[in-house]
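What follows is each chain in one-letter form.
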Amino acid sequence: MARMISYCMRIIEIPMLYLQKRLGISRLAWVFLLPNLLLFGLFAFLPVVLNFVYAMTGSDQILLQDRTFVGMGNYQTLTSCEDFLDPNSCRDDLFWRAVYNTIWFVLLQVGFMVGFALLTALMLNSKIRARGFFRSVFFFPVLLSPVVVALIWKWILQREGLANAALEGMGFDTINWLLDRHWAFFWSVFISVWAHMGFYTLILLAGLQAIPRDVYEAASMDAASPFRTFRRITLPLLMPTMIVVLVLSLIKSVQTFDEVYAFTGGGPGSATTLLIQYVYETGFAGTPRLFGLASAASILLAIVLVILTFLQLWASRRNVNG
Amino acid sequence: MKFRKNVVAQLVLLASLGTAASFTQAQELRFMCSTDGDECEVLDDLITRFEQENEGVDITVDIVPYKSIQENLPVQLAAGSGPDIAKVTDLGGLSQYYLDISPYIDADYWEQSFGDILNWYRKSPEDKGIYGMHSQLTITGGYINRTLFDQAEVEPPAADASWEEWAEAVAAVAEATETPYLMAMDRSGHRIAGPAISDGAKLFADDGTPALVDEGFTRFVTKFVEWNNNGTMLRDVWAGTGGDTYQDASQEFISGSLVYYYSGSWQVGKFDNEIGDAFDWQVVGTPCGEVACSGMPGGAGIVGFSTTEHPEIVGKLLDYLAQEDNYAELTARTRNIPAHAAVAAKGVDYEGASAPAAAALNAWGQQVEKISPVAYAYQGYKHNRAMFGITMSRVSQAIVGELSIEEAMERATADLEQTMSEVDAK
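For clarity, every value in this text was computed on a predicted model and none was experimentally measured.

K.L.:
I keep staring at the environment of Arg30 of chain B and nothing clicks. Help me out?
P.N.:
Residues and elements named next belong to chain B. Tracing the backbone shows Arg30 in strand 1 (residues 28-33). Judged by relative accessible area, Arg30 falls into the partly exposed class, the value being 43%. Those residues in contact with Arg30 that lie beyond four places of it in its chain are Thr60, Asp62, Pro83, Asp84 and Ile85. At 2.9 Å, the side chain of Arg30 forms a polar contact with the side chain of Asp62.

This is the structure we're talking about:
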């Protein structure tokens, strides 16, 4: 066996020695990087470039040679508004409805999720009974597929679902949770918080456990109240982790699509249509497929995500550097 | 000498095997099929027989979800790949990729058998090619829960009754029988088109360009929005989802909690299987509007694609399926309405179908003559899917109150203009 491996290595050695001789040892590194670079170029860099190109073309044809150059036309279609606060005054009102829905969704979802995740992490960090069990309970929804999450909640909230059965059982009037714009939006945020909170709870829990115990002991000796301990010790020492959680959840929240799409389909009307759904429906699900408009919208979305990613990098570096 | 003979013999054998193998490989075709019943299985049976009659032909039937036909197939075709044959529903939208099979078939037979339906597959009115075999003719219209009508002692309105008369009768039935839902219509631009056409929607301008919104269309949409908001129509169907997502109300009808359901002929098999003898149901066609009592025709067809390496076999297969006996068998076994004139004229023996299913299929057959020419033109228009999507999206917004009806109609007009500018930008 060893002889066989040695023999194989010799076979590889021959071209490697030749390449080293031809290219020099420093350039040889590129040869090793080449497969990865090719894959990255083909499946990541090229699609990004193509996205920019498609965003400047019109027509429902997929092949570039069949498409017409329209310059910034798609961006103009998306951004032409008489009043940016009123989607009805915009040329593409559905895009702006999706933008506003996404902004509200992100603000509410991230706010509630980080808040609840912190509360849960604090609770799970304290000495409670069956702590391990509760840690699993809160993390369990993270393991579920977004579509499963959406379907479970749809069964609960539909007209003849569990929630209405419970209301009826208690003698209350039933509510059409998914037919009312405001309720549908509320539940979309709620489900998203429920599904993802466990992940951020876990990160915050790790952050809490990294805080040295002696700091708390010193506070206890100084008779600091629990609230004062939280405000003066826990929160400041947890802040770097909090910033990472905040930025990560912001990025994830802007990208939300699958669970809300499976849950409400973007409705009622366009009440829960988020930006990714707009891109998907414009470019792929709708007829005709407006690839140019979808590409332009996805580039605008990408700009937001790039800003958030830089924010996350900055926060992580700040965290590492203390 | 003997050795040389052996070598030559072996070479000849190898060469012949190689030729045979390459010949076999040259006849391999792929058929992309989706089904909401057993169409693909029945087609597979017929194709197996075709293969037996045509040695060396090997057709693989790939059964895929309907979503793949809708979303993946157009992208594959645009990229120059895709199957040799497919069962499609976007008949006009994919017409640019179809294979013209007229060189391989008896065109006169096809013209006599399928008539104007062949236009649904053509690229333009000038196009005289033959591209697809309409395997599944469907018609939209209403079903009632007849048992509820009988229990309520309400006589179903006559065949020429209006939507308003139906709404009144259904409300009486629902009240008498304490049925929770009165009427429902599938969330589909295709479904709402029949009643809108019946109310006077023309859908095309005089010069033939698409014009979704007019007086007739707005009239029906106004009624429809009002019915969704006053409880006449089950609001969950149109308001319960967004964008241009399809939604039906078949489960509500099957469970007996819906009195009147506007859908289409393709539901017969499902109702027959799932309702069984739980209650009696009946096909009642499309209520009348101001100008007609028309449903929308539609359905699915089998087409070949111009990228195929075996156009002749594709043509032969479609011709085989279109032969009267085979078509009659396909129609009977899949419980569909025939689009083939001779098969329709002779009547289909839906062997094994229950009495309600057979009665329903015959009732749908009788609805064919009521279909308005506008409905045929709309079904045959190659960008009708875009118009269906716009209708669904904007009417839903009007139902949930995001837009007024006037705003929804303005938006629908603008959406259509934007769409047409995109499809014309080639």
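K.L.:
So what exactly am I meant to see when it comes to the domain arrangement of chain B here?
P.N.:
Bring the parts together and some accessible area is lost; that lost area is often taken as the interface size. All names here are of chain B. Segmentation of chain B into domains returns domain 1 (26-137 + 298-361) and domain 2 (139-296 + 369-424). Once you take the C-alpha centre of each, domain 1 and domain 2 turn out to be 28 Å apart. Counting from both sides, the interface comprises 20 residues of domain 1 and, opposite them, 15 residues of domain 2. Both sides together, the interface formed by domain 1 and domain 2 hides about 1,500 Å², and carbon and sulfur atoms give 57% of it. It is Trp120, Gly298 and Ala360 that lose the most area in domain 1 upon contact with domain 2, and together they represent 31% of the buried surface on that side. Viewed at the interface, domain 2 and domain 1 are joined by one salt bridge. In this structure, Asp90 engages Arg385 in a salt bridge whose closest nitrogen and oxygen atoms are separated by 3.8 Å.

K.L.:
Honestly, the state of the cysteines in this entry has me stumped. Any pointers?
P.N.:
Covalent bonding between the sulfur atoms of two cysteines is what defines a disulfide. All names here are of chain B. According to the stated counting rule, one finds three disulfides over all chains in the structure shown. Residue pairing for Cys33: its cysteine sulfur links by disulfide to Cys40, the two sulfurs lying 2.1 Å apart. Between Cys33 and Cys40, the S-S torsion sits near -95 degrees, and that sign places the bridge as left-handed. The pair formed by Cys33 and Cys40 is uniform in burial state, with each residue classed as buried. Once the disulfide-bonded cysteines of chain B are ranked by sequence position, their pairing pattern turns out to be 1-2, 3-4.

K.L.:
Any chance you could explain the side chain of Arg122 of chain B here in plain terms?
P.N.:
Topologically, Arg122 of chain B is positioned in the loop between helix 4 (107-114) and strand 4 (132-145). At a separation of 3.5 Å, a polar atom in the side chain of Arg122 of chain B contacts the main-chain carbonyl oxygen of Lys128 of chain B.

K.L.:
Which parts of the structure should I look at to understand the pairing of strand 4 of chain B?
P.N.:
Working note: regular strand, side chains alternate between the two faces of the sheet. Residues and elements named next belong to chain B. Of all the 14 residues making up strand 4, 14 are buried; the element is thus mostly covered by neighbouring parts of the structure. Pairing analysis gives seven bridges linking strand 4 to strand 8 (residues 297-304), with the strands arranged antiparallel. Its bridge partner being in strand 8, Met133 is matched across the sheet by Ile302. Both strand 4 and strand 7 (residues 281-285) contribute to a ladder of four bridges, which runs antiparallel. Of the residues in strand 7, the one forming a bridge with Tyr143 is Val283.

K.L.:
How do you make sense of the pairing of strand 3 (residues 85-88) of chain B when you look at a structure like this?
P.N.:
Residues and elements named next belong to chain B. By the alternation rule, side chains of strand 3 split into Ile85 and Lys87 and Ala86 and Val88, which are all buried. Sheet topology note: the strand 1/strand 3 ladder contains two bridges and is parallel. Bridged to Phe31 within strand 3 is Ile85. One ladder, built from four bridges, connects strand 3 with strand 8; its direction is antiparallel. Paired with Ala86 across the bridge in strand 8 is Val303.

K.L.:
Explanation requested: the pattern of salt bridges in the structure shown.
P.N.:
Pairing of side chains with opposite charge becomes possible as their charged atoms draw close. Throughout the structure, instances matching the rule amount to 19 salt bridges over all chains. Linking Asp45 of chain B and Arg333 of chain B is a salt bridge whose minimum nitrogen-to-oxygen distance equals 2.6 Å. Linking Asp45 of chain B in helix 2 (residues 39-53) with Arg333 of chain B in helix 13 (residues 324-334), this pair joins segments that are 288 residues apart in sequence. If you follow the salt bridges from partner to partner, you end up with Asp93 and Arg97 of chain A together with Arg394, Arg411 and Asp415 of chain B in one network.

K.L.:
How should the confidence of the model for chain B be read in this particular structure?
P.N.:
Atomic detail in the predicted coordinates should be set aside for any region of low pLDDT. Per-residue confidence for chain B gives a mean pLDDT of 91; residues scoring 70 or more make up 93%. When the criterion is pLDDT under 50, residues 17-24 of chain B qualifies, and its contacts beyond four places in sequence or with other chains add up to one contact.

K.L.:
Could you clarify how one ought to interpret the interface of chain B and chain A in this entry?
P.N.:
Of the residues lining the interface, 38 residues belong to chain B; the matching set on chain A comes to 42 residues. At the boundary of chain B with chain A, total buried surface from both sides reaches about 3,000 Å², with 44% on carbon and sulfur atoms. Considering only the surface of chain B that becomes buried against chain A, Glu402, Arg411 and Glu422 of chain B emerge as the three largest contributors, covering 20% of it. For the pair chain B and chain A, the interface holds three salt bridges. Counting the contacts that link chain B with chain A gives 14 residue pairs in polar contact (both at pLDDT 80 or more). For the side of chain B that touches chain A, the secondary-structure elements that each account for two or more residues are helix 3 (66-78), helix 9 (235-239), helix 17 (384-400) and helix 18 (405-424) of chain B. For the side of chain B that touches chain A, the leading source of residues is helix 17 of chain B, giving seven residues. Considered class by class, the residues forming the side of chain B that touches chain A number 13 nonpolar, 13 polar and 12 charged.

Conventions we followed
- Residues numbered from 1 in each chain as written.
- Chains lettered and ligands numbered in written order.
- Predicted model: local features only at pLDDT ≥ 70, side-chain atom pairs only at ≥ 80, totals over all residues.
- Heavy atoms only, no water.
- Helix = DSSP H or I, 4+ residues; strand = E, 2+ residues; numbered from the N terminus.
- Buried < 20%, exposed > 50% of the residue type's maximum accessible area, 1.4 Å probe, protein only.
- Contact = heavy atoms within 4.5 Å.
- Polar contact = N/O pair within 3.5 Å; in protein donor to acceptor, adjacent residues only side chain to side chain.
- Domains from an automatic or database assignment.
- Buried area = accessible area lost by both parts, 1.4 Å probe.
- Salt bridge = Lys/Arg side-chain N within 4 Å of Asp/Glu carboxyl O.
- Disulfide = S-S within 2.5 Å.
- Pairing = 2+ DSSP bridges.
- pLDDT = per-residue confidence, 0-100.
- Nonpolar A, V, L, I, M, F, W, Y, C, P; charged D, E, K, R; others polar.

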